[in-house]
Structures are given as C-alpha cells and as structure tokens.
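A structural walkthrough
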Amino acid sequence: MIREEEVIIRRYLSRSGAVPISFDFRIFLEAWNDPNVKAAIQNTLLTLLIDQCHRWGSIYIYLPEQAFDEWLHPVSGKLCVLRIATLCVGGNPISSEAQEGGPDTRTKIDCFKEAPMLRNVEVLTTSFTGAILNIALPFCQLENFKIISGPDTCCEDLLTSRPFHLRTTDISRYSIPLNSLPASSLSFQHLTRLRLYTTEQTLSIFRILDILVLPTLSTLHIAGEFDFDAARPLFSKILLLIQHSGCSMKTLTVLAPLDTQQEEFYNILRLSPDLQHLEVPHIDAQGIQKLVLDMGDVPRRQLIPNLRVLKLCWYGSDHKNPSTGVIDVTTLRAMVVSRTTGDFPFLDQVHLYKYHNPSQSAQLDSLWNATVMSAEDTQLALAARTFESSLWCLCQSRLEARSPSNSLYRRSLHAMAWPDASRADQEMRELENVNLAHHADSLVLARRNVLCLLHEISQLEAGIIPGDDRFAFRVRAGEVCQKWKPFILRDARATRYAWRYVSPSLSVLTCRPVAEDEERTWKDIISRCNP
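This section reports on the structure supplied with the text. Every chain is numbered independently, its residues counted from 1 as its sequence is written. With pLDDT at 70 or above as the cut-off, local features in this predicted model cover only qualifying residues; side-chain atom pairs require 80 or more to be listed or tallied, and sums for whole chains, interfaces and linings still use all residues. Neither water nor hydrogens contribute to the side-chain values; these are computed over all heavy atoms in the structure.

Description of the overall build of the protein chain
Secondary structure elements follow DSSP: runs of H or I no shorter than four residues count as helices, runs of E no shorter than two count as strands, and numbering proceeds from the N terminus. Along the backbone of the protein chain there are 20 helices and 18 strands. Working rule for contacts: check all heavy atoms of both residues, and any pair within 4.5 Å makes them a contact. In the protein chain, 76% of the contacts between residues at least 6 apart in sequence involve partners at least 24 apart. What sets the accessible areas is the Shrake-Rupley method with a 1.4 Å probe; for residues, cover comes only from the shown protein chains. Surface accessibility of the protein chain: about 24,800 Å² in total, with carbon and sulfur atoms responsible for 52%.

A few points about the pattern of salt bridges
What counts as a salt bridge is simple: a side-chain nitrogen of Lys or Arg found within 4 Å of a carboxyl oxygen of Asp or Glu. Per the stated rule, a full pass over the model turns up 19 salt bridges. A salt bridge links Asp348 to Arg308; the nearest nitrogen and oxygen atoms lie 3.2 Å apart. Remark: Arg308 occurs in the loop between α10 (285-290) and β15 (309-313) and Asp348 occurs in the loop between α11 (329-338) and β16 (349-353); sequence separation between them is 40 residues. The partner of Asp425 in a salt bridge is Arg429, and the shortest N-O contact between them spans 3.2 Å. Of this pair, Asp425 and Arg429 are both found in helix α15 (residues 421-432), 4 residues apart, which corresponds to roughly one turn of the helix. The class of Asp425 is buried, set by a relative accessible area of 8%. Exposed residues in this analysis have more than 50% of their type's maximum accessible area, buried residues have under 20%, and partly exposed residues fall in between, with area computed by a 1.4 Å probe over protein chains only.

With respect to the pairing of β15
With 5 of 5 residues buried, β15 lies mostly within the body of the structure. Here β15 shows two buried faces, one formed by Val309, Lys311 and Cys313 and the other by Leu310 and Leu312. What makes two strands pair is DSSP finding at least two bridges between them. Here 5 bridges tie strand β14 (residues 277-281) to β15, and the two strands are oriented parallel to one another. Looking at β15, one finds that Pro281 is bridged to Cys313. Where β15 meets β16, 5 bridges bridge the pair, whose relative direction is parallel. Paired with Val309 across the strands is Gln349, a residue of β16. Viewed along the sheet, the connection from β15 through α11 into β16 turns out right-handed. Looking down the strands as they point away from the viewer, one classifies a crossover as right-handed if the path from the first strand across the helix to the second runs clockwise.

Comments concerning the packing of aromatic side chains
What counts as a ring pair is set by centres within 6.5 Å for rings of Phe, Tyr and Trp (its six-membered ring), and what kind of pair is set by the plane angle: stacked under 30 degrees, edge-to-face over 60, tilted for all other angles. According to the stated counting rule, one finds 6 aromatic pairs in the structure shown. Relative to Tyr266, the ring of Phe265 lies with its centre 4.9 Å away and its plane at 70°, an arrangement referred to as edge-to-face. Ring centres of Phe471 and Phe473 lie 5.7 Å apart, and the angle between their planes is 35°; this geometry places the pair in the tilted category. Overall, Phe473 belongs to the buried group, its relative accessible area being 0%. Joined through ring pairs, the aromatic side chains of Phe235, Phe265 and Tyr266 make up one cluster. Our definition puts a charge over a ring when NZ of Lys or CZ of Arg is within 6 Å of the ring centre and also within 35 degrees of the ring normal. Positioned over the ring face of Tyr266 is Lys290, at 4.0 Å from the centre of the ring.

What to know about helix α3 (residues 35-51)
Since the α-helix advances by 3.6 residues per turn, residues separated by three or four positions end up pointing in the same direction. Taking 1.5 Å per residue, 17 residues should reach 24 Å; α3 reaches 23 Å between its end C-alpha atoms and fits that length. The angle between axes fitted to the seven-residue stretch ending at a residue and the seven-residue stretch beginning at it gives the bend at that residue. Most pronounced at Gln42, the bend in α3 amounts to some 35°. When we look at burial in α3, the residues that qualify are Lys38, Ile41, Thr44, Leu45, Leu46, Leu48, Leu49 and Ile50. Tucked into the core, α3 has its buried residues touching α1 (2-15), β1 (21-26), α2 (29-32), β2 (56-64) and α4 (65-72). Throughout this description, a polar contact denotes any pair of N or O atoms lying within 3.5 Å of each other; where both atoms belong to protein, one of them has to be capable of donating a hydrogen while the other can accept it, and for residues adjacent in sequence the pair is counted only when both atoms sit in side chains. With a side-chain oxygen lying 3.1 Å from the backbone nitrogen of Asn36, the N-terminal cap of α3 falls on Asp34. Expected span, for any helix, means 1.5 Å times one less than how many residues it has.

Quick notes on the packing of α1 against α3
Two quantities define a packed helix pair, namely the angle between the axes and the distance from one axis to the other. Convention adopted: a line fitted to C-alpha atoms gives each axis, helices being fitted over their contacting stretch, and angles between N-to-C directions are expressed from 0 to 180 degrees. The N-to-C vectors of α1 and α3 enclose an angle of 5°; their axes lie 9 Å apart at closest approach. Accordingly, the angle class assigned to the pair α1 and α3 is roughly parallel. Of the residues in α3, those touching α1 at Ile2, Glu5, Glu6, Ile9, Arg10 and Leu13 are Val37, Ala40, Ile41, Thr44, Leu45, Leu48 and Leu49. For the contact of α1 with α3, a count of residues per class yields 9 nonpolar, 1 polar and 3 charged. Working definition: roughly parallel below 35 degrees, roughly antiparallel above 145 degrees, roughly perpendicular at 65 to 115 degrees, and oblique for all remaining angles. Just so you know the grouping, Ala, Val, Leu, Ile, Met, Phe, Trp, Tyr, Cys and Pro go in nonpolar, Asp, Glu, Lys and Arg go in charged, and all remaining residues, Gly too, go in polar.

Brief notes about empty space enclosed by the protein
Computed over the protein atoms alone on a 1 Å grid, cavities are sets of points where a 1.4 Å probe fits but cannot get out and pockets are open sets with protein on both sides within 12 Å along at least five of seven lines; a residue lines them when it has an atom within 4 Å of a point. Grid points are joined across faces, edges and corners, and a volume is the space filled by probe spheres set on the points. Tallied over the full model, the rule gives 4 cavities of 30 Å³ or more. Approximately 130 Å³ is the volume found for the largest cavity. For the lining of the largest cavity, a count of residues per class yields 7 nonpolar, 7 polar and 3 charged.

With respect to the nonpolar core
In these notes, a set of buried Ala, Val, Leu, Ile, Met, Phe, Trp, Tyr and Cys residues joined through side-chain atoms within 4.5 Å is what counts as a nonpolar core. The biggest cluster of nonpolar side chains holds 115 residues, and the ones touching the most others in it are Trp56, Leu72, Phe112, Leu137, Phe145 and Leu278. Once you skip the residues sitting within four places of it in the chain, Leu137 turns out to touch Leu87, Phe112, Lys113, Leu118, Val121, Val123 and Phe145. In this structure, Met428, Leu460, Phe473 and Trp484 belong to the second largest nonpolar core, which totals 33 residues.

Looking at the environment of Arg308
Residue classification places Arg308 among the partly exposed positions, given a relative accessible area of 30%. Expressed as a C-alpha distance, the spacing of Arg308 and Thr340, which sit 32 residues apart in the sequence, is 9.9 Å. If near-sequence neighbours (up to four positions away) are discounted, Arg308 is found in contact with Gln276, Pro345, Phe346, Leu347, Asp348 and Gln349. Within polar-contact distance, the side chain of Arg308 engages the backbone oxygen of Phe346 at 2.6 Å.

Overview of the pairing of strand β10 (residues 193-199)
When strand β8 (residues 168-172) meets β10, the two strands line up parallel, connected through 5 bridges. In the sheet register, Asp170 faces β10, and the bridge partner there is Arg195. Pairing of β10 with strand β12 (residues 219-225), which is carried by 7 bridges, proceeds in the parallel orientation. Of the residues in β12, the one forming a bridge with Arg193 is Thr219.

Considerations on the environment of Ser172
Its place among the elements puts Ser172 in strand β8. It is 9.0 Å that separates the C-alpha atoms of Ser172 and Ile205, two residues lying 33 residues apart in sequence. Setting aside anything within four residues of it in sequence, one finds Ser172 in contact with Ile147, Ile148, Ser149 and Tyr197.

Here it is as structure tokens:
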C-alpha cells in the first residue's frame, strides 16, 4: 500500500513542475504505533513531501503530536509559498513519561512559524496526556483562523498578536483561562465573521465578547451544548459587543437554549437595522408581534426591516421563565404579510425547527392555503404522506451510495429501508395514476416533499436503486414530475406563501414575489430544504 502511494506522489510531484502544490497527508495512531509502518512512511512518503516543502501551497496534515516535532522540523524556514494550512494534531499514546510530566508539561510545535505567505490556518487538536500544546504560527499576518481545540494556547496567541488583516475567526470547544486575557479591549478592524461553539466545560470562551471591539462585524454565529442557566448572560454579552463595536450585523445565529423574552435580545435587534438572517430560539407571540412592520401613514421605527430569513428553534422551556413552545400562527402570518408587501425588502423564508406540535401542520394549512381543500384534496394529502414514506425508502439508496466506508451501516440501512421492489413498483403506479387536473390544491404534494424526492430519484445514477433495471424507477419518477409540473405551477401562482413539511421537526415557509419566474419556482419546489 505504501509503495502504491509512493508511486502516486512521485508522479504528482514530477508532473507539477515548479508550481505550488497541495496535498492531504494523514497518519493515525495505528500506523504510528507500528514501527515498520512508521519507518516506511517516514523514509518514503514523508521524505518526498518534505523535500518539496518550498513548494507547499495548501496542506492538510494529520499527525500525532510527537510526529510534528520529530518529522516536520526540517521544513522550518522553508515554507516560502505556503498560504493555507490545516493542522490536525492527534493525541499520543499514554506513557509513563507523559503521566509523570503532570499538567504543566508543555509541547511546542514551531515548524510553521516562519511562513511569510501563510494567511489561512485551521487547527484541530485532541486531548493530550497532561500536555499543554503550543503551536507557534505567524499569527500577526493571518486573515482567517479556525480552531477546534484541546489544551493549547492558539486562541490566546491569536488575540494577543492582534492580526490587523484578520477577517474570520472560528473557535470551537476552547476553554480560555481568565488570566490569559488582556485587561484592555482588543480591536480587530477588519474582522467580519465570528463563530463560537462551546460546551458546559468551555463556557469561558464567552469572556472574549466582553473585550472585543469589531466595527466591521457582519456575521455572528454562536452555538453550543449547555443549558438555560449557563446561557442566560449570553444576550447581554452580545449586546455589549455591539455597543462597544458600533457594528450593524447582517447575520445573527444563536443555536443554544436562550430566553428570547429578555429585553437585551430586542435591544440587539434595535441596534442591527441591517440584519437579514436571524436564527434564534423560540420567540413567543408578543415577540413576533414586535417584528410586524408598521404599514401606517406615520410608521414607527421598524425592527430589523431588512430581514430575509427567520429561523426559530424550540429548545425546551426555561424553568425560570416557562414557555409553551407553541407558535402563534396568526401573529406569524401577520408578520410575514407585513414583510412581503410594501416597499420593504422581501422576506424569503421562515423555518420552524424542533416544534413537535401535532396540530401545527393543520393550523398552518388552514390559515395559509389559497384554496379550501375539497374531499379529493384531503384524500390526496393523506396519500402524499404514504408516498413520501415510500419515496424516502428509494432515496436511501443515495445515502448508501455516498457512504462506502461504512459497509455494516449500509447493509443494515439497506435491509431496514428497502421495501420489496414489486411493492415499490405498485406504489409508483399509484403515483402515476394521480390526475392533478381533478384537484384544486395540488401543492399538498410539494408540502410533503413528494416532488423533491421524485426529482432526487430521477437524478440518481444507474445501478444505485435495486430493481431499477426491471422497474425503471428513475425514469418513471422523472416522468411523474413532468406530468405534474403544469398543475403544481398553476397552484403555486395562486399563492405567495408555500409551506413545506420537510420532516416531523422542520417546517419551512417560502415567500414568493408576485412576478417570480416559473422555473425558479419549480427549482425551489424540487430542491431539498435543510434546517
């Protein structure tokens, strides 16, 4: 195997001439712990790459911690064209020496500190045996930095270096000691995107929100795994960041159990008039009412008038401020209508995620549908649920085809999901026999993902769906789509608002302009919606 890889690398290096090269090099602990494999890798594959380190342009390296120092030290000072580096530092096997070193043991990786062109860095470190890892990088020149961290000092080093051209920063699972932060504020004039992901154990990273000044911040993304009590101060910290920075964000995402009834949340919105994408926990009826735009002759100051996408997620009820977790669909509709009429920027989508109200779909249907559902339409809606379930079974083949590395999982999925091909053929016949000319509301099929799934089946490669050679599922799925298309578009033109129930936990509303192009409408209908 190593010999085959050596031939490939030699061919790649010889054919690439003198231009900068990109490569992905990963050595896991199993190989590192085998002396023969380790020596073969070092003497062949790694030697070939290190000899060309002056040509490294973009690299992805995954090595055990010890290997970085032992194998890569020859590249120091020779990385003259390196611009993009992803460094994944794996843990070393537990040894008596490491255990004796205790928590103050420090390991330093400094082979990348002299790389004058390096601009984009991603660091992934895992848990180590009592070591604090120090990765020396030219932080002051970085433009984009991402860290998914174990015990290292990268975040502190980045902040204290204050890179002038830093534009994006992603920090995930990183705990920052209080005494490592400067007492004064830290200003990053060009940072436009900040992403933080934390757990109960790494909540200390939120301390940086108290000292950062980000005047050009346009995207703030915060997510994590923690409870309401731990998250309670977060809106106050975000508000403080905005007030210190004087920024007006375009995207605010908070994927965490937060109480949006706090006044700090609405103060954030008042200070963000340019906000276009808002993704936050559940907002109650009173909060949604605040988002209704005033259409009167003397309008009041509007709250986030440029909103294009609103995503709400139910994380449960805060024990200190209980909430039912039920969307007030009447107030929601008033908010949507106010943002899809008049001179304001057009609201594109509303997502409702993890709301498990059994009657919610029926409430949305009855309030938003342009037509009254007849008995035939009701029957079609019930049939659509059955069709959707059957079509999901067919589309599981796509997932199986894209997961070749997990054969056991694929076999169990295949056995679980796949109906008898003859039964699938019969259900496809039922779809083919549906005559939408007899239905006033054919959009029930779009609301149940039927069109999206049929399109996906029609686009699968040959040989993926069992029984396709006999029953031509792919061809027939495409033909059904084309047969239904005129009726679906007819009914889509009759309404500006279309709900899709993507899954039991996700409902998506799409708002369409009056004069929207039909092909764009059709593309939206047959495309997959994601949370």
